[in-house]
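Structural overview
Residue-level listing of the chains:
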Amino acid sequence: MDRDKIMKACYVLCVAIVFIRYLGPEDVDVIYPANPGDPDVLPPGVSRSVAVVGGGLAGLSAALELAERGFNVTVKDSRPVVGGRLSSTDVEILGETFRVDHGFHAWFYNYHNFKDIRRRLGINNDFERWRANHFRFREYEPEVMESKGIYPFNVIATLLFSSNFRVNAAFDIVRISTIFAYYNHDTVYDRYGNLTFDEWAEEARVPVWFADTVLRPALSVTFNERTVINAAEMMMYSHFYFTGDNKADIREIATRDHQTAVFDPWTERLQSLGARIETNSGVEKLILDSSGRIVGISSNPGQVYDHVVLSTDLKAMQSILAETNREYPKSAVVACMNSRLSQMPLAPHYKVITLWFDQLLDPEQPKILQTPDFSPITLAVQRHLIEKQSREWSERTGGSVVEFHLYAWRYGEVRDSEVWSVISPTVKELLPEIFERNFKVLDYFIHSGDNFASFSSGLEQMRPTSTFPTECGADNVGLAGDWLHTPFPSALMERAVTTGRIAANQILLANHVKQAPVTVTSRHGPGYI
């Protein structure tokens, strides 16, 4: 055994000694119903109506809980289909209709409430395990991170087999690891929420290579600039996606487009329960009655609702509240909600480009490649290797379907026809064979957006919870979405699904119907065991 391997083995022993007493992080927490003695559904003869504004994961989550318990639910969405940012777009490509997702997404072990919905919808067969997570850097060797068992052995294995491991930083890594081992969700935002990740990394003397190859890559999925995202959010992500559970780093991917795999079955289930799904039906503002209570929405002005769940993205929510505030300038309730949400900034614009090429990439190329150092490209996905319709097209034609995520877009207004030219120099660095072998672009589709919330430092104190409207006096209104704050670790799609369930639970409690249990990741790291 050479000296480097001996030193690595010694490092593994050090880490194992540090973590040996908490080999298993805490089990999940369950928020049980506050009213376990109440009936499971509305009593016969009792009718309650709910408007759900926004048909993404958050809104559909709330709608499912309520519709299953006998509520009259109407889901309103401005798009042609439900699904929000995970919806698919029907696009005519090369003489056939493709359902193109708005971007690749992974589904993690700690997405407990979404897994519960998957089970209830019977859609688990459209998901498969994604084992190897490939990274490519400018100044470091490529990394392949795989799920290698329970914590802390997954951490140990990742570092032991890393080609970027620096033996002389071993004790610094042990020191930094203890910070994550003693993660405390109740205090993390007070302690680190006003620091950017870079400020924290400097203050904590995090080895540069460790920050660059292990910690920073995960931040790109927030759609925020890596230089501004707050350190507490990064710590929460690390806990939620890696150390918060024995199996936290297990991930899955959908094998068909999300519309087919998730949202069509979800829609069918809701409609079978009597829920109304109204697409191409945007909501501009809320409607108040003479007492100042929120009772309706602009797209159905004559309909009075008992409850309203606002589950749009942050940008749409800000627009709805601003318009409502103009319509009802004397409403203290609306002014309260608008004043808080109007202060919350958005993340930079983003784009996702999907291209149909006439050739296949080398089989050695990863099917999913994360590229945190190659702005504007943060992710490259060979769709024909993971998604059914693209695979079938590739098998017929010999071509490939490749998707590039372009987060934190810095190039201003660029026509869709020019995006490939803008990113081609970076693609050439990552996948030079596309140019060396003269791949031909047969067609493309681009999705652009600017509706993700910012998670920069200093913002957490103004981020509302699902029940924030009640603080403003709107006791029949709830919020749901991935931009909200939760008193437990959550992120991205799971935060959307979970806040939808919490908003529904608020309505269930008010109507004396038993709430749905909410399963969440432990608020504490494994060091607290």
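Residues numbered from 1 in each chain as written. Predicted model: local features only at pLDDT ≥ 70, side-chain atom pairs only at ≥ 80, totals over all residues. Heavy atoms only, no water.

Focus: the sheet that holds strand β2 (residues 49-53)
Pairing is parallel in the open sheet, where five strands are placed in the order β11-β3-β2-β14-β20. Of all strands in the sheet, those bounded by a partner on one side alone are β11 (276-278) and β20 (477-479). Between one strand and the next, the sheet's axes are offset by a mean angle of 15°, whatever the strand orientation. With four bridges joining them, β2 and strand β14 (residues 307-310) adopt parallel strand pairing. By the bridge assignment, V53 is partnered in β14 with L310. Each of β2, β3 (72-76) and β14 touches helix α2 (residues 57-67); the most contacted strand, β3, lies at about 165° to it. (Pairing = 2+ DSSP bridges. Helix = DSSP H or I, 4+ residues; strand = E, 2+ residues; numbered from the N terminus. Axes fitted to C-alpha atoms, helices over the stretch in contact; angles between N-to-C directions. Contact = heavy atoms within 4.5 Å.)

A few points about the packing of aromatic side chains
In the structure shown here, the tally under the stated rule is 25 aromatic pairs. On the basis of an interplanar angle of 80° and a centroid distance of 4.9 Å, the ring pair of F240 and Y241 is categorised as edge-to-face. Side by side, F240 and Y241 carry an identical accessibility label, which is buried. Put simply, the rings of W107, F108, Y111, F114, F127, Y237, F240 and Y241 touch in pairs and so form one group of aromatic residues. Sitting over the face of the ring of Y109, K115 holds its NZ or CZ atom 3.8 Å from the ring centroid. (Phe/Tyr/Trp six-rings, centres within 6.5 Å; stacked < 30°, edge-to-face > 60°. Buried < 20%, exposed > 50% of the residue type's maximum accessible area, 1.4 Å probe, protein only. Lys NZ or Arg CZ within 6 Å of the ring centre and 35° of its normal.)

Describing the packing of helix α3 (residues 112-121) against helix α10 (residues 258-272)
Close contact between α3 and α10 brings their axes to 10 Å; oriented N to C, the two are set at 65°. Regarding the angle of α3 to α10, the classification is roughly perpendicular. For the element pair α3 and α10, the recorded crossing hand is left-handed. In this structure, α3 uses F114, I117 and L121 to contact α10, whose residues at the interface are V262, P265, W266 and R269. For the contact of α3 with α10, the class distribution of residues is six nonpolar, no polar and one charged. (Parallel < 35°, antiparallel > 145°, perpendicular 65-115°, else oblique. Left-handed = near helix turned anticlockwise from the far one by under 90°. Nonpolar A, V, L, I, M, F, W, Y, C, P; charged D, E, K, R; others polar.)

Let's talk about the state of the cysteines
Using the criterion set out here, one finds one disulfide in the structure. The disulfide partner of C336 is C472, and the gap between their sulfur atoms is 2.0 Å. Its S-S torsion of about -60° marks the bond between C336 and C472 as left-handed, since a negative value means left-handed. A residue pair is termed long-range when its members are at least 10 positions apart, and C336 in helix α12 (residues 332-341) and C472 in the loop between α16 (468-471) and β20 qualify at 136 residues. Taking the relative accessible area as the measure of exposure, C336 reaches 28% and is therefore partly exposed. (Disulfide = S-S within 2.5 Å.)

A short note on the pairing of strand β17 (residues 377-382)
Burial within β17 is extensive, with six of its six residues counted as buried. Two elements, strand β16 (residues 368-370) and β17, share three bridges in a ladder whose sense is antiparallel. Note on β17: the bridge partner recorded for L369 is A380. Connecting β16 to the antiparallel partner β17 that follows it, the hairpin turn spans six residues.

With respect to helix α13 (residues 388-397)
Within α13, the full set of buried residues consists of S390, W393 and S394. Down the axis of α13, the buried side of the element spans an arc of 100°, and every buried residue falls inside it. α13 presents E395 and R396 as exposed residues on the side facing more than 90 degrees away from its buried surface. Downstream of α13 by one or two residues, G398 has phi in the positive range, about 80°. (Arc of directions from axis to C-beta.)

Observations regarding unusual backbone geometry
Excluding glycine, residues mostly have negative phi values, and the peptide bonds linking residues are mostly trans. Put simply, S375 and P376 share a cis peptide bond, and its omega is 10°. In this fold, P376 is placed in the loop between β16 and β17. Backbone geometry places L94, a non-glycine residue, at a positive phi of 50°. Tracing the sequence through the fold places L94 in the loop between β4 (88-93) and β5 (96-101).

A few points about the side chain of E433
Structurally, the position occupied by E433 is in helix α15 (residues 433-436). With a relative accessible area of 10%, E433 lands in the buried category. Only 2.9 Å separates the side chain of E433 from the backbone nitrogen of D362, close enough to count as a polar contact. (Polar contact = N/O pair within 3.5 Å; in protein donor to acceptor, adjacent residues only side chain to side chain.)

Structural notes on α10
In this model α10 runs 20 Å from its N-terminal to its C-terminal C-alpha over 15 residues, within 8% of the 21 Å that 1.5 Å per residue would give. The largest bend along α10 measures about 25° and falls at D264, with the proline P265 one to four residues further on. Listing the buried residues of α10 in full gives H258, Q259, T260, A261, V262, F263, P265, W266, T267 and L270. For α10, the side-chain oxygen to backbone nitrogen distance between the N-cap and Q259 is 3.2 Å, and the N-cap itself is D257. Once α10 finishes, G274 follows within two positions and takes phi at roughly 95°, a positive value. (Expected span 1.5 Å × (residues − 1). Bend = angle between axes of the 7 residues up to and from the residue.)

Some remarks on the nonpolar core
The nonpolar side chains of a soluble globular protein tend to be buried with one another. Counting 116 residues, the largest nonpolar core has L57, W200, W266 and M337 as the members making the most contacts within it. Contacts of W266, omitting those with residues within four sequence positions, involve L57, L60, S61, L64, F114, I117 and L121. Grouped together as the second largest cluster of nonpolar side chains are 22 residues, L355, V414, L430 and F439 included. (Core = buried A, V, L, I, M, F, W, Y, C linked by side-chain atoms within 4.5 Å.)

Brief notes about the sheet that holds strand β8 (residues 132-135)
The seven strands lie next to each other as β9-β8-β16-β17-β18-β15-β19, forming an open sheet whose pairing is mixed. Because the sheet does not close on itself, it has two edges, and the strands there are β9 (143-146) and β19 (441-449). Geometrically, the sheet is characterised by an average inter-axis angle of 20° between neighbouring strands, direction not taken into account. Alignment of β8 against β9, held across four bridges, turns out to be antiparallel. Looking across to β9, one finds that A132 is bridged to E146. Here α13 sits on the sheet in contact with β15 (350-357), β18 (400-406) and β19, set at roughly 135° to β18. Along the sheet, helix α14 (residues 416-430) makes contact with β15, β17, β18 and β19, crossing β15 at roughly 80°.

Thoughts on the confidence of the model for the protein chain
The share of residues in the protein chain with pLDDT of 70 or more is 91%, and the mean pLDDT across the chain is 90. Taken as a whole, residues 17-23 scores under 50 in pLDDT and shows 19 contacts with residues more than four places along the chain or in a different chain. (pLDDT = per-residue confidence, 0-100.)

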